[in-house]
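Listed below, chain by chain, are the residues.
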Amino acid sequence: MSDPKTTTVDVNGFPCRVWTKGQGPKLGFLAGLGGLPRWLPFLDRLAETRTVIVPSLPGYPGATGHGELDTHLDWVVAVRQLIDKAGLAGADLVGASVGGAFAAEMAAIFPGHVRRLALIAPFGLFDDKEPAADPWAQRKDAVPGLMCADGEKWNDLMAPPEGANSIEWPIDMTRASEAAARAFWPLGNTGLQKRLGLIAAPTLILWGDRDAILPPSYARKFAAGINGTSRVEIIAGAGHLAYLDQPKTVARAVLGHFG
């Protein structure tokens, strides 16, 4: 895989990395838990026909500034700034896991900012009859199997990228976990259910059939809450971060939805 172009934008006075690769209409991606320590095969698949733009959320690999965000509204406003400054306003948007919740918020609150939407096992809802697993309350050795059907895919993502400082890298990953916790603890219940009905963008909802964080039944809950057109597709052999387990299948579904 060739490297993407790297630029930086400012959000609340802190730098956030933006990766860009490919040609064609713009397509944004907001990553899930763990963020993106490295470029992925899934993104290369998308970049075959689209200009893929991947901004890092505050506190995730490639970005800082999460300590300034104390409320859910703080996070939503910061993501809106990130979308604007990355040049993604009005583009197609993909969001996964924690990034999926923010992608849904963008489509609901700022409908002109999202042309079409794809959500991969997004956070944001909670059903006490089918509670989500708490990813912040797990033993380290249990996390890979919660994130992916093939835990080695998570381990590969979390391995220090080339050039990373071996002492600072664990701190970077702890910071990413803290950033997600600040935005979504406890268990991701952000009240998004109340805003799903505002989403008018055509929406594809993808869910791994082996998601051990959020039950696949949540896909139907999202679809039922969205007033615009929506479609659910369950990805076989995939866990919570389906784009790691089944990159070709997920990319094909996303590109098929966006056309």
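Residues numbered from 1 in each chain as written. Predicted model: local features only at pLDDT ≥ 70, side-chain atom pairs only at ≥ 80, totals over all residues. Heavy atoms only, no water.

## So, the side chain of Asp127
Of note, Asp127 is situated in the loop between β6 (114-120) and α4 (143-147). Not counting residues up to four positions away in its chain, the partners in contact with Asp127 are Tyr218 and Lys221. (Helix = DSSP H or I, 4+ residues; strand = E, 2+ residues; numbered from the N terminus. Contact = heavy atoms within 4.5 Å.)

## Points about the sheet that holds strand β2 (residues 14-21)
Neighbouring strands of a sheet are bound in pairs by backbone hydrogen bonds; such pairs are parallel or else antiparallel. Here eight strands make up an open sheet; going across it, the order is β1-β2-β4-β3-β5-β6-β7-β8 and the pairing mixed. Across the chains shown, the open sheet's two edge strands, defined by having one partner strand only, are β1 (5-11) and β8 (230-235). Each strand axis lies, on average, 20 degrees off the axis of its neighbour in the sheet, ignoring direction. Pairing geometry for β1 and β2, over seven bridges, is antiparallel. Within β2, the position partnered with Thr7 by the bridge is Val18. (Pairing = 2+ DSSP bridges. Axes fitted to C-alpha atoms, helices over the stretch in contact; angles between N-to-C directions.)

## Here's the deal with helix α7 (residues 218-225)
Since there are 3.6 residues in each turn of an α-helix, residues three or four apart along the chain are aligned in direction. Listed in full, the buried residues belonging to α7 are Tyr218, Ala219, Phe222 and Gly225. All buried residues of α7 fall inside an arc of 135 degrees around its axis, so they share one side. What points out from α7, more than 90 degrees from its buried face, is the exposed set Arg220 and Ala224. Against the buried residues of α7 lie β6, β7 (203-208) and β8. (Buried < 20%, exposed > 50% of the residue type's maximum accessible area, 1.4 Å probe, protein only. Arc of directions from axis to C-beta.)

## As for unusual backbone geometry
For Ser97, which is not a glycine, the phi torsion comes out positive at approximately 55 degrees. In this structure, Ser97 sits in helix α3 (residues 97-109). For Ser97, a relative accessible area of 0% translates into the label buried. Even without a glycine there, the phi angle at Ala121 is positive, about 45 degrees. Within the secondary structure layout, Ala121 lies in the loop between β6 and α4. On the accessibility criterion, Ala121 (1% relative accessible area) is buried.

## Focus on the nonpolar core
Side chains of a nonpolar character, in soluble globular proteins, are inclined to be buried together. Phe29, Leu43 and Tyr243 are the most contacted members of the largest nonpolar core, which has 92 residues in total. With eight residues, α3 is the single largest residue contributor to this core. Aside from chain neighbours lying at most four places away, what touches Phe29 is Leu36, Phe42, Leu43, Ile53, Val54, Pro55, Leu93, Val94, Ala96 and Tyr243. (Core = buried A, V, L, I, M, F, W, Y, C linked by side-chain atoms within 4.5 Å.)

## Digging into the packing of α3 against helix α6 (residues 168-184)
Packing of α3 against α6 leaves a shortest axis separation of 11 Å and a crossing angle of 40 degrees. The orientation of α3 relative to α6 falls into the category oblique. Handedness of the α3/α6 crossing: left-handed. Here α3 contributes Val98, Ala101 and Phe102 to the contact with α6, which in turn contributes Ala180, Ala183 and Phe184. (Parallel < 35°, antiparallel > 145°, perpendicular 65-115°, else oblique. Left-handed = near helix turned anticlockwise from the far one by under 90°.)

## Topic: the pattern of salt bridges
Here the structure, examined in full by the defined rule, presents 12 salt bridges. Residues Asp92 and Arg115 are paired through a salt bridge, measuring 3.5 Å at the closest nitrogen-oxygen approach. Here the residue Asp92 occupies a position in strand β5 (residues 91-96), and Arg115 occupies one in strand β6, the gap between them amounting to 23 residues. Since its relative accessible area comes to 48%, Arg115 is described here as partly exposed. The closest approach of N and O atoms between Arg195 and Glu105, which form a salt bridge, is 2.7 Å. Here the residue Arg195 occupies a position in the loop between α6 and β7, and Glu105 occupies one in helix α3, the gap between them amounting to 90 residues. Grouping residues by exposure puts Arg195 and Glu105 together as buried. (Salt bridge = Lys/Arg side-chain N within 4 Å of Asp/Glu carboxyl O.)

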